[in-house]
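These are the residues of each chain, in order.
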Amino acid sequence: MPDYKVYYFNVKALGEPLRFLLSYGNLPFDDIRITREEWPALKPTMPMGQMPVLSVDGKKVHQSVAMSRYLAKQVGLAGADDWENLMIDTVVDTVNDFRLKIAVVSYEPDDDVKQKKLVTLNSEVIPFYLEKLDDIARENNGHLALSKLTWADIYFVAILDYLNYMTKSDLVANHPNLQQVVDNVTSIDSIRAWIDKRPETEICAIPAMPMGQMPVLEVDGKRVHQSLAMCRYVARQIGLAGANPVEELQVDAIVDTINDFRLKIAIVAYEPDDTVKEKKMITLNNEVIPFYLTKLNVIAKENDGHLVLGKTTWADVYFAGILDYLNYLTKTNLLENFPNLQQVVNNVLENDNIKAYIAKRPVTEV
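Residues numbered from 1 in each chain as written. Predicted model: local features only at pLDDT ≥ 70, side-chain atom pairs only at ≥ 80, totals over all residues. Heavy atoms only, no water.

Each helix and strand counted, the chain has 14 helices and 6 strands in total. With the C-alpha coordinates of the chain rotated into their principal frame, the extents come out at 70 × 45 × 40 Å. Put simply, the chain has 366 residues, and 43% of those count as buried. Counting only contacts in the chain whose residues sit at least 6 apart along the sequence, the fraction spanning at least 24 positions is 67%. When the accessible surface of the chain is totalled, it reaches about 19,500 Å², and 53% of it is carbon and sulfur. In the chain, 38 positive and 50 negative side-chain charges are present, and the distance between their average locations comes to 2 Å. (Helix = DSSP H or I, 4+ residues; strand = E, 2+ residues; numbered from the N terminus. Buried < 20%, exposed > 50% of the residue type's maximum accessible area, 1.4 Å probe, protein only. Contact = heavy atoms within 4.5 Å. Areas by Shrake-Rupley, 256 points an atom, 1.4 Å probe, with all protein chains shown as cover. Lys, Arg positive; Asp, Glu negative; His and termini not counted. Charge placed at Lys NZ, Arg CZ, Asp CG, Glu CD.)

A few words on the pattern of salt bridges. As enumerated under the stated definition, the model contains 17 salt bridges in all. A salt bridge links R232 to D252; its shortest N-O distance comes to 3.1 Å. With R232 in helix 9 (residues 227-237) and D252 in helix 10 (residues 245-269), this residue pair connects regions lying 20 residues apart in the sequence. Among the residues examined, R232 registers a relative accessible area of 19% and is labelled buried. A salt bridge links K280 to E271; the nearest nitrogen and oxygen atoms lie 3.1 Å apart. For E271, a relative accessible area of 14% translates into the label buried. Within this structure, K12, E16, R19, D31, R33, D161 and R198 form a network of salt bridges that share partners. (Salt bridge = Lys/Arg side-chain N within 4 Å of Asp/Glu carboxyl O.)

A word on unusual backbone geometry. Along the chain, M51 connects to P52 via a cis peptide bond; the corresponding omega equals 10 degrees. Positionally, P52 belongs in the loop between helix 2 (39-42) and strand 3 (53-56). Of note, the phi angle at K331 is positive, near 55 degrees, even though the residue is not glycine. Inspection of the secondary structure assignment puts K331 in the loop between helix 12 (314-330) and helix 13 (339-349).

Now for the pairing of strand 3. The two faces of the sheet receive side chains in turn, since in a regular strand these alternate between them. Every second residue of strand 3 is oriented toward a common face, with V53 and S55 on one face and L54 and V56 on the other, all of them buried. The sheet contact formed by strand 1 (residues 4-9) and strand 3 spans 4 bridges and is antiparallel. Residue pairing in the sheet places K5 in a bridge with S55 of strand 3. With 3 bridges joining them, strand 3 and strand 4 (residues 59-61) adopt antiparallel strand pairing. Across the sheet, the residue bridging to S55 is K60, located in strand 4. Adjacent in sequence and paired antiparallel, strand 3 and strand 4 are bridged by 2 residues, among which D57 carries a positive phi angle near 50 degrees. (Pairing = 2+ DSSP bridges.)

We now examine the packing of aromatic side chains. Under the counting rule described, the total for this entry stands at 9 aromatic pairs. Centre to centre, the rings of F98 and Y129 are 5.0 Å apart; their planes meet at 15 degrees, and the pair counts as stacked. With a gap of 31 residues between them, F98 in helix 4 (residues 82-106) and Y129 in helix 5 (residues 111-139) connect regions that are remote in the sequence. By relative accessible area, which is 0% here, F98 ends up buried. For Y129, a relative accessible area of 11% puts it in the buried group. With centroids separated by 6.2 Å and ring planes inclined at 75 degrees, the aromatic side chains of W314 and Y318 adopt a geometry described as edge-to-face. Residue W314 and its partner Y318 are located together in helix 12, separated by 4 residues, close to a single helical turn. (Phe/Tyr/Trp six-rings, centres within 6.5 Å; stacked < 30°, edge-to-face > 60°.)

The next thing to look at is the pairing of strand 1. Counting buried positions along strand 1 yields 6 of 6 residues, so the element is predominantly enclosed. As paired elements, strand 1 and strand 2 (residues 29-34) share 6 bridges and run parallel to each other. In the sheet register, Y8 faces strand 2, and the bridge partner there is R33. Note that the unit made of strand 1, helix 1 (residues 16-24) and strand 2 has a crossover that is right-handed. (Right-handed = clockwise from strand over helix to strand, strands pointing away.)

What follows is the structure, encoded as structure tokens:
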């Protein structure tokens, strides 16, 4: 019997179909759950620097659907011929399309854009897919393909908690045929045994926070969100927002430019489709990043090592504060060839109070 290992974070998400399939077949496997602290050192050892990863006799492979298909063959849940495999694959790919459409909205970094996308997701996309899949399950007697248990059922049920988490809903509540698919899978003894023994995961909601998101600033017990709005408020309290409305406008213009830059990077970094991401990376690295950094570097030169007004404002602090995050997303040192922007950062980091905070802050993920 092969030696199986599943490498993933302590979440269900895309790793759970692998765990379900291995459990269904009573195939022993090492369920290796990587902490966020361990991941940076382990990442270079993984194909494409991503997880989940399946190790088979020491050979590591990635791509969750491909891995699930392989395991399905090992445990007898693939089709009996090419046509049956096609029927299963079409359903799995449909479920995966559904997941990606949800994920693109769930991980949208711009709150305003996200709210607009949520309207379409909740009123059109989710009902469309659930109705189609529920019809398929009805036609297949509580299964998603071939009127019998296949890995399409396992895959759907295994990622359902993740889909529910992203949509903050119970997706199958009003779809009895899909609920029957879930019941058929979770009533299997070996699956039931896995569910009973699996570790608790990190997936959870944060209902106490405005919009269910962070960061959040609490002032005298009142919680507010939106990072730029919070930074602007704090900047006014400490005299870094500008001396008059015109100066405030100039500062805001630079901060919004920096935030535009952040969003353009984040949209690519969090793109869930690897093929699409690789194409977007070319434009990001060849055009977007050089354009913004060149413009900002000129601005910093004109403002004597600051980003606006020739003095320290919250634009400088905001830029220096998110730089580690931008470097992390781009996997580069963005300022390596931009000395004037580096001077902006140096000016911020030389502030005694900032130094004191950096010295005492906890060691965190970027």
